[in-house]
Amino acid sequence: MPADDCGHHLEPAPGERSALDLASGELFVLAALRAWVAPLRDPEGTHPDWRALFRMAGVAADAAQGFDQLMGIVARSAIRLLDVRCCRCPGLGADEEALLRITGALQAGEALSALEELADWLPQAALVPALQGAQRFATLTAAAGLRLPSDPSPAQPPPADAGRVLH
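Residues numbered from 1 in each chain as written. Predicted model: local features only at pLDDT ≥ 70, side-chain atom pairs only at ≥ 80, totals over all residues. Heavy atoms only, no water.

Colleague: Describe in detail the overall build of the chain, supporting the description with residues and values.
Modeller: The number of helices and strands found in the chain is six helices and zero strands. Overall, the chain shows an N-to-C arrangement of helices and strands of α-α-α-α-α-α. Classification of the 167 residues of the chain by burial places 46% in the buried group. Put simply, 75% of the contacts in the chain that link residues at least 6 apart link residues at least 24 apart. As displayed, the chain offers around 8,400 Å² of accessible surface, 56% of which is attributable to carbon and sulfur atoms. (Helix = DSSP H or I, 4+ residues; strand = E, 2+ residues; numbered from the N terminus. Buried < 20%, exposed > 50% of the residue type's maximum accessible area, 1.4 Å probe, protein only. Contact = heavy atoms within 4.5 Å. Areas by Shrake-Rupley, 256 points an atom, 1.4 Å probe, with all protein chains shown as cover.)

And the structure:
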């Protein structure tokens, strides 16, 4: 199976939210996340340019820098594997949902909620710089008209036998 083919061809797995149900701001965040992670999953593959997504959406370059800061910290410091799907997966992973909540919370001025989500990913020493990057990303994404709900979906724990994976 090709590295960017997760096997979910038609529908999300049971209990997952469908990418088709996302509003434009949520789709932008999801696409940026998956495109940023794609080269980590498959270094030899061909991947979408995550920075080009920012330009196409009319989002300021400073937002891309904030996003890159956040994701770079997550990539270097995560305390566990994160559930980030391939670019073609129709369902949302638990940590993709978390990034949507983080972005929405920051756009709503709820930094504490965002910090709680980030604390599930990162050690304490990495939280402040990650939050700073996430804040810049969220603020400038909202300024471009891509607003997210502060709580897009209730947090649903993954099934007991599901591991957090990049797939």
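Having seen the model, we can carry on.
Colleague: Please give an account of the pattern of salt bridges that cites residues and values.
Modeller: Counted by the stated rule, this structure contains nine salt bridges. The shortest N-O distance in the salt bridge between Arg 85 and Glu 16 comes to 2.6 Å. With Arg 85 in the loop between helix 3 (61–77) and helix 4 (94–107) and Glu 16 in the segment before helix 1 (24–41), this residue pair connects regions lying 69 residues apart in the sequence. Looking at Arg 85, the relative accessible area reads 7%, which means it is buried. (Salt bridge = Lys/Arg side-chain N within 4 Å of Asp/Glu carboxyl O.)

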